[in-house]
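Residue-level listing of the chains:
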Amino acid sequence: MENTTYIALSRQMVLRREMDIIAHNLANAETPAFKGDDMLFVEYLSRPERRNPPMSFVQDFAVIRNTTEGPMATTGNDLDFALHGAGYFVVDTPEGERYTRVGRFQLDADGRLVTAQGHPVLDTAGAPIFIPFDEGEVDEIAVARDGTVSVDGVPLARIAVVRFENEQAMERLAGGLYGTDQPPLPAFDTEIVQGMVEESNVQPILELTRMIAVTRNYQATQNLVDTEHERQRRGISTIVSANA
């Protein structure tokens, strides 16, 4: 029977998928506010016939995003912001509103607060945030923990920060953006920290350890496949010799 080979191959398939996820995590270990992924495995039982025992296959059920907060790094830049707590900045894109935790903002030629890709950051009223400046000089910008933006002590707007009921359902897009059909909810407990950015929550040492474990498991499974193949070859050879 080839059941052993099929089960082993199912294990190798998910191990290869897990290796791809680990490699993707490592590639983004220095990406601001990146959230690492992990795999959720389940047992898949197959019952070909009533008289045969069930076969237990390995199946990768889903990819789970690690939504824990990454460490904060001090930059000293007045237009860098980190979110402490669950939540996302709201930005306006040609495809509609999108969400991000990457708080490396800047000012465009019109004085709007924008992302590195030029998407305007929105306030609690859903409007772009304008920072007045004169002859290329920007006055002192202060952002309170609740997101209130002030220039020289004069409040101008409040940066919108929202959360979602199911973060796992949010689609990861390019440029550190997320999209979702879920209605945004207010993130009252989330604070904005000025002069800092959130780093990736990927821990390279742990990912490298996982990579070594996956490699060894794949090799062990391959040895099982080779052993089973040799057993079948010897069995067929014995039968052929007996009937010769």
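Scroll up to find the structure.
Criteria and cut-off values
- Residues numbered from 1 in each chain as written.
- Predicted model: local features only at pLDDT ≥ 70, side-chain atom pairs only at ≥ 80, totals over all residues.
- Heavy atoms only, no water.
- Helix = DSSP H or I, 4+ residues; strand = E, 2+ residues; numbered from the N terminus.
- Buried < 20%, exposed > 50% of the residue type's maximum accessible area, 1.4 Å probe, protein only.
- Contact = heavy atoms within 4.5 Å.
- Pairing = 2+ DSSP bridges.
- Axes fitted to C-alpha atoms, helices over the stretch in contact; angles between N-to-C directions.
- Phe/Tyr/Trp six-rings, centres within 6.5 Å; stacked < 30°, edge-to-face > 60°.
- Core = buried A, V, L, I, M, F, W, Y, C linked by side-chain atoms within 4.5 Å.

Draft legend 1. Representation of the overall build of the protein chain in the model. Helix and strand counts for the protein chain come out as two helices and 19 strands. Residues counted as buried form 36% of the 244 residues belonging to the protein chain. Pairs at least 24 residues apart make up 62% of the contacts formed inside the protein chain by residues separated by at least 6 positions.

Draft legend 2. The arrangement of the sheet that holds strand β12 (residues 148-151) in detail. The strand order across the open sheet formed by three strands is β11-β12-β13, and the pairing between neighbours is antiparallel. Either end of the sheet is taken by a strand with one partner, and the two such strands are β11 (141-143) and β13 (154-158). Strand-to-strand, the axes of this sheet are offset by a mean angle of 25 degrees, without reference to chain direction. Across three bridges, β11 lies against β12 in antiparallel orientation. Opposite A142, over in β12, you have S150 as the bridge partner.

Draft legend 3. Spatial organisation of the environment of T215. Following the sequence through the fold, T215 ends up in helix α2 (residues 204-243). A relative accessible area of 32% places T215 in the partly exposed class. For the pair T215 and R16, spaced 199 residues apart in sequence, the C-alpha to C-alpha distance is 9.0 Å.

Draft legend 4. Structural detail: the packing of aromatic side chains. Summed over the entire model, instances satisfying the criterion amount to five aromatic pairs. Ring geometry for F81 against F105: centres 5.9 Å apart, planes inclined by 50 degrees, an arrangement best described as tilted. Placement of F81 in strand β4 (residues 81-84) and of F105 in the loop between β6 (96-100) and β7 (106-107) is noted, with a sequence separation of 24 residues between them. On the basis of relative accessible area, F105 is assigned to the buried category, the value being 4%. Seen from their ring centres, F89 and F105 are 5.1 Å apart, and the 75 degrees between their planes marks the pair as edge-to-face. Taken together, the positions of F89 in strand β5 (residues 88-93) and F105 in the loop between β6 and β7 put the pair 16 residues apart, joining distant regions of the chain. Through a chain of ring-to-ring contacts, the aromatic side chains of Y88, Y99, F164 and Y178 assemble into a single cluster.

Draft legend 5. Highlighting unusual backbone geometry. Positive phi, normally seen in glycine, also occurs at A33, with a value near 60 degrees. When you line up the elements, A33 lands in the loop between α1 (3-27) and β1 (37-46). Phi angles above zero are rare outside glycine, and D152 is one such case at about 55 degrees. The residue D152 is located in the loop between β12 and β13 in this model.

Draft legend 6. Layout of the nonpolar core. Ranked by size, the top nonpolar core spans 20 residues in total, and within it F81, F89, L113, I159 and I192 carry the most contacts. Contributing elements (two or more residues each) for this core: β4, β5, β11 and β12. Grouped together as the second largest cluster of nonpolar side chains are nine residues, Y99, L122, V162 and Y178 included.

Draft legend 7. Summary view of the pairing of β5. Of all six residues in β5, five are buried, a share of seventy percent or more. Here β5 pairs with β6 via five bridges, running antiparallel. Each bridged residue has a counterpart across the sheet, and for T93 the counterpart in β6 is G96. The hairpin formed by β5 and β6 contains two residues between the paired strands.

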